[in-house]
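Spelled out from the first residue to the last, the chains are:
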Amino acid sequence: MHTKKIEQLLMSFLFTGLIFIHIIMSLALAVGLEEMERLCSYLILGMGFLMFSTAFFCQHKLRREDFVFFLFVVFCLLVGAYRRWEVENVIPVLCFILMMTVWRSAEAVSHSHVLAKRVCIAYTGQGLLLIGLFLSPYAYESYQEYVEVSHELTLGFANPNQTGIILTSTIMILLIAGEGSYMNRIWKMMINIELLFLSVMLILTDARTSILSCVVFFVFYLFIVKKKKKFRRYPLVEDIIVCCPVFFVPFYLWLANKTEGEVIMFLGKKLISGRQRLYKKVLPLWWDKSLGNLKRFNLQNFHNAYFTILTNFGTIGFSIYLIFTLMSFHTFRKQCQTTQKQLCIMAVLMLFLMGSAEAAVLVSGTIYYIYMLVILVLSKDYSEERRTFV
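Residues numbered from 1 in each chain as written. Predicted model: local features only at pLDDT ≥ 70, side-chain atom pairs only at ≥ 80, totals over all residues. Heavy atoms only, no water.

A. Inspection of the overall build of the protein chain at higher detail. Helix and strand counts for the protein chain stand at 17 helices and two strands. Taking as baseline every contact in the protein chain between residues at least 6 positions apart, the subset at least 24 positions apart corresponds to 75%. By element, 66% of the accessible surface of the protein chain is carried by carbon and sulfur atoms, the whole surface being about 18600 Å². (Helix = DSSP H or I, 4+ residues; strand = E, 2+ residues; numbered from the N terminus. Contact = heavy atoms within 4.5 Å. Areas by Shrake-Rupley, 256 points an atom, 1.4 Å probe, with all protein chains shown as cover.)

This is the structure in structure tokens:
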């Protein structure tokens, strides 16, 4: 019993610390504090793997996906030795593996109304920081000089798409945490005003995948929470959404060829934005189909999470990863029956949907790891500790 209490305190401390570091890192990214960003990345890596180790060794119960996870780790070790990966290759791989540990780590965090309160306060604070960046000179700047920004909001991040992912994730977490933390009316009103500002900012990014994901989640939120309608879930549809990035690249290439020479508009921008040129350029360089070309690509963002994993780890590594992801998602889904848990399932599915257009949301185990971790932790049941806070 004493050991269990220590484990819970350690996991709660690590989880709270990761959220705090994540907010600092987001701000450092926006304003260009590279040293602070690098320090935060290393802290997230270290604390994230400590969370996973604690969760794995303290729970003692092995699951099928654990064997698949360690199979992927062994695969990386063997390929790394065979390909002679360098240090610059190892760090991105560790970030990616950390992203895979999020399913197991989230289960070991003891959830309560106090933790929900911390999450709600923390992401209310992050929302205020984002609004502050919107009112600052960083609003339409980018730390990547080659990115052309004119009317698209960036808040100082790499590009409008990254900004869209951060805003969408923050909005989803605030809606979920706000629903589960049983706040009083004043606090709810403050969060609703902040959500309105964040939604307007999301529209100004013109990041279509993020906007679409946020709209789908918000409609689901209104349908389930506000209208209190019963929602019939379709596991096959959920699995298809998890696999959506797999289908996106061939569909995008087919659509680009089909509409070549035509100008088709979608949400105020060309439907085909030119990513087909990137996909066509990368495919010939992917000469090792089975083991991938990580030493060459180094997990660069190829604007599709699964395409990035496939080209870096090959068909063998990608197959192991996809099997692990589907198994982990199935385990997570079995535990989600209440309203708040269904919101968390929808939020996770929207992250996979955004992964169709941006690799970082599923591959980069730093700030995006925290978003997934928080959503998974919020899916845990704590209805027996229901109470109101100021």
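B. Broad picture of the pattern of salt bridges. Applying the stated criterion across every chain yields a total of seven salt bridges. Taking the shortest distance from any N to any O, the salt bridge between E107 and R63 comes out at 2.6 Å. Placement of the pair is E107 in helix α5 (residues 102–107) and R63 in the loop between α2 (34–59) and α3 (64–83), with a sequence separation of 44 residues. Residue classification places E107 among the partly exposed positions, given a relative accessible area of 23%. (Salt bridge = Lys/Arg side-chain N within 4 Å of Asp/Glu carboxyl O. Buried < 20%, exposed > 50% of the residue type's maximum accessible area, 1.4 Å probe, protein only.)

C. Structural view of the environment of H113. Of note, H113 is situated in helix α6 (residues 113–134). By relative accessible area, which is 11% here, H113 ends up buried.

D. Region of the structure containing unusual backbone geometry. Positive phi values are uncommon outside glycine, yet R84 reaches one of about 60°. Inspection of the secondary structure puts R84 in the loop between α3 and α4 (87–100). Of note in this structure, N298 is not a glycine but carries a positive phi near 50°. As for its position among the elements, N298 is in the loop between α13 (294–297) and α14 (305–334). On the accessibility criterion, N298 (24% relative accessible area) is partly exposed.

E. Structural view of a nonpolar patch on the surface. There is a patch of nonpolar side chains on the surface, built from F20, I24, L33, M36, L39 and L43 and spanning about 530 Å² of accessible area. Only α1 (2–31) and α2 provide two or more residues apiece to the nonpolar patch. Among the elements that make up the nonpolar patch, the one with the highest residue count is α2 (three residues). When you line up the elements, I24 lands in helix α1. (Patch = residues over 30% accessible without salt bridge, like charges linked within 9 Å, V, L, I, M, F, W, Y side chains within 5 Å.)

F. Looking closely at the environment of A305. Within the secondary structure layout, A305 lies in helix α14. For A305 and L362, which are 57 residues apart along the polypeptide, the C-alpha to C-alpha distance reads 6.1 Å. Beyond its immediate chain neighbours, meaning those up to four positions away, A305 contacts G355, E358, A359, L362 and V363.

G. Region of the structure containing the packing of α6 against helix α8 (residues 185–205). Contact pair α6 / α8: the axes reach a minimum separation of 10 Å and the direction vectors enclose 45°. Classified by the angle their axes make, α6 and α8 are oblique. As for the relative orientation of α6 and α8, their crossing is left-handed in sense. Residues C120, I121, Y123, T124, G127, L128, L130, I131 and F134 of α6 form the contact with α8, whose participating residues are W187, I191, E194, F197, L198, M201 and L204. For the contact of α6 with α8, a count of residues per class yields 13 nonpolar, two polar and one charged. (Axes fitted to C-alpha atoms, helices over the stretch in contact; angles between N-to-C directions. Parallel < 35°, antiparallel > 145°, perpendicular 65-115°, else oblique. Left-handed = near helix turned anticlockwise from the far one by under 90°. Nonpolar A, V, L, I, M, F, W, Y, C, P; charged D, E, K, R; others polar.)

H. Broad picture of the packing of aromatic side chains. All told, the structure shown has 23 aromatic pairs when counted by the stated rule. Plain terms: the ring middles of F297 and F302 are 5.2 Å apart, the flat faces sit at 85° to each other, and that makes the pair edge-to-face. Comparing F297 with F302 shows no difference in burial state: the two are buried. Counting every residue linked through ring pairs, the aromatic cluster contains F72, F75, F96, Y306, F313, F318 and Y321. (Phe/Tyr/Trp six-rings, centres within 6.5 Å; stacked < 30°, edge-to-face > 60°.)

I. Spotlight on the nonpolar core. Ranked by internal contacts, the top residues of the largest apolar core, which has 129 residues, are F15, Y123, Y306, F313 and Y369. In terms of residues, this core owes the most to one element, α14, which gives 14 residues. Setting aside residues up to four positions removed in sequence, Y123 forms contacts with I19, H22, T170, I173, L174, E194, I370, Y371 and V374. (Core = buried A, V, L, I, M, F, W, Y, C linked by side-chain atoms within 4.5 Å.)

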